[in-house]
Amino acid sequence: MDTKESKQSERKQIITYASHASFHSLAMQPGSFINLFLTDYLLLPVPDVAAMLFVAKIIDFLASLVVGPVIEKSNMPGGKYVPWLKMARPLYYFSYIITFLPFNMPLAARYGAVIIGHLFVKVPNAFILTARHGALMHVGGGDMDKRNKMVIASGRVSAVCSVFTSATTTPFLLLVGHLVGMKYQYLVMSAVYGCFFFGVTNTLIYLHAPFEQERAQQNDMKKASLGAMLESMASNPQLIAFILANTFSLIASEGPLQITMYYYIYIRNDPNLLLYASAQTVSMVAHLATVAIGPQIGLKLGRLKALLLSELLCAFTGVAMVLFGASSIYTFMGIKTATSFFSSINSGFLSSYIIDCAEYGYYKTGVDNRDLVQSLTNIPVKISMFIGGTVALLGLGMIGYFPGMEANAFFTSNFMLIYGGMPVLGFGLSFLINLLFYKIDDEQAEFYARANRQKESEMA
């Protein structure tokens, strides 16, 4: 392949990897409304909602632990990732439809619908996340510059998509309610947005297709089991540090995200979420500017320094949210924009960090468990969902929330304490762990990746 064709191929791969993020963002939009649907539409008590989601997330977490071993042990003709991506499509599509069934049913049946719906989207998503990291590693190879281009492009395209979804999702939901009735608006919305799941899987299938190999040749080379995965983790101190730190930082992000709509409805008195739609659009436009600048700052600092600086600054904005977030919508948006900017300094490189840990483990031990290691990124994602979401919902119940209430000073101050306090604790702990224990800088990451590619070429 000549230089021109090589550049065209690289450009197409980068665009495809970036477009995957936009499809994923669109497909996951209905998930933002689950808590609101269960509490303010179905009028289920907050403890029941928290309990059913907690059970679903615990099962999801346990299932996600075996994703890596399952991928490694499977010996399907279509390859390592592609068959699982194809099987994920129908589960993905029907996941939110099951969750948003608007019919009256016994509480036990509602538990079942929410749990099944949650598992149908989250368990396949664990396979998707592992396949996404695998695509970055295989397509990027040992070329750090190409990997950085892929993750930065992904972040920027995702930001553009976020502007679109912020401006259109809530108005679309209200339009659907006007056309088919409020009873069916969430159901129809989930059916429409579910179509984007096909883009989620198709983009990864395109990226993986050239690299897929018959699994029979690899079965004798690797131990593919939960024990092997845990062994890979135990022998890799950098991986342990990163996973622990990443868990706390994701809790810091996930918790407030679960109750943002309650801020607009009750603190800002915006029951139809029109202010929410406008404010989110403005925030996402600002975020679009931050992702154009933030990753470049991260590259100049180096990804390790970018990680530390980003988390420290996000902890400070959490303090600002506790103290000033309720004063006005403009202050609230300003703090969120600052957090978005500080987060963008390193957030685009999260896939790269876990791959760096995987390459480090392969280099140090000589055992290629990189795909198993990449599947471990499901651990912080799943833990953050059930801890962050559960703590935030239970916190609402503890400070006196009920559907249709009017927020008083006690509720407002305690709401902001939950909303801003979770980032303070989460990002603060993550910063300390990374500062003390995570040591892979850009130069080391490139060395491990190139050394491993050299080892593979010698073994071929």
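Predicted model, so just to flag it, every value in this text is computed and none were measured.

Along the backbone of the protein there are 19 helices and zero strands. At 22 Å, the protein has a C-alpha radius of gyration in line with the 23 Å of a compact globule built from 460 residues. Taken along its principal axes, the extent of the C-alpha atoms in the protein is 70 × 45 × 45 Å. Taken across its 460 residues, the protein has 55% of its residues classed as buried.

Attention now moves to the nonpolar core. L38, L396, F411 and F415 are the most contacted members of the largest nonpolar core, which totals 103 residues. With 12 residues, helix 11 (residues 237-267) is the largest single contributor of residues to this core. Residue contacts for L38: discarding those within four places in its chain leaves L43, L44, V49, M52, R110 and V114.

Below, the discussion takes up the packing of aromatic side chains. The description of two aromatic rings rests on the distance between their centres and on the angle between their planes. Applying the stated criterion across every chain yields a total of 34 aromatic pairs. Note on F242 and Y353: the rings are 5.7 Å apart at their centroids and 45° apart in plane angle, and the pair reads as tilted. With F242 in helix 11 and Y353 in helix 15 (residues 350-365), the pair connects residues that are 111 residues apart, well separated along the chain. Exposure class is identical for F242 and Y353. Each is buried. Centroid distance Y266 to Y401: 5.5 Å. Interplanar angle 80°. Geometry classified as edge-to-face. Of this pair, Y266 sits in helix 11 while Y401 is found in the loop between helix 17 (378-398) and helix 18 (409-437), placing the two residues 135 residues apart along the sequence. With relative accessibility at 8%, the residue Y266 sits in the buried group. Among the residues examined, Y401 registers a relative accessible area of 7% and is labelled buried.

Once that is clear, we can look at the pattern of salt bridges. Pairs can form between side chains of opposite charge whenever their charged atoms are close. A full pass over the atoms with the stated rule returns eight salt bridges. The closest approach of N and O atoms between R303 and D442, which form a salt bridge, is 3.0 Å. Of the two residues, R303 is situated in helix 13 (residues 303-324) and D442 in helix 19 (residues 442-459); the sequence distance between them amounts to 139 residues. Through salt bridges with shared partners, a single network forms among E10, D145 and K149.

Let us look at unusual backbone geometry. What is expected of a backbone is that most residues other than glycine have negative phi and most peptide bonds are trans. Non-glycine residue N269 carries a positive phi angle of around 55°. Among the structural elements, N269 can be located in the loop between helix 11 and helix 12 (274-301). Here the phi dihedral of L273 falls at roughly 60°; this positive angle occurs in a residue that is not glycine. Relative to the helices and strands, L273 is located in the loop between helix 11 and helix 12.

To continue, consider helix 17. Helix length check: helix 17, at 21 residues, gives a terminal C-alpha distance of 30 Å against a target of 30 Å (1.5 Å per residue), a fit within 8%. The buried count for helix 17 comes to 15 of 21 residues, which makes it a mostly enclosed element. Backbone geometry just downstream of helix 17 places G400 in the positive-phi region, at approximately 100°.

A word on a nonpolar patch on the surface. Nonpolar side chains collect at one region of the surface, where F103, L175, L179, V180 and Y184 lie side by side and expose about 460 Å² of accessible area between them. Inspection of the secondary structure puts F103 in the loop between helix 5 (82-99) and helix 6 (107-140).

Conventions and cut-offs
Residues numbered from 1 in each chain as written. Predicted model: local features only at pLDDT ≥ 70, side-chain atom pairs only at ≥ 80, totals over all residues. Heavy atoms only, no water. Helix = DSSP H or I, 4+ residues; strand = E, 2+ residues; numbered from the N terminus. Rg over C-alpha atoms; globule rule 2.2 N^0.38 Å. Buried < 20%, exposed > 50% of the residue type's maximum accessible area, 1.4 Å probe, protein only. Core = buried A, V, L, I, M, F, W, Y, C linked by side-chain atoms within 4.5 Å. Contact = heavy atoms within 4.5 Å. Phe/Tyr/Trp six-rings, centres within 6.5 Å; stacked < 30°, edge-to-face > 60°. Salt bridge = Lys/Arg side-chain N within 4 Å of Asp/Glu carboxyl O. Expected span 1.5 Å × (residues − 1). Patch = residues over 30% accessible without salt bridge, like charges linked within 9 Å, V, L, I, M, F, W, Y side chains within 5 Å. Areas by Shrake-Rupley, 256 points an atom, 1.4 Å probe, with all protein chains shown as cover.

By themselves, these figures tell us nothing about what the structure is for.
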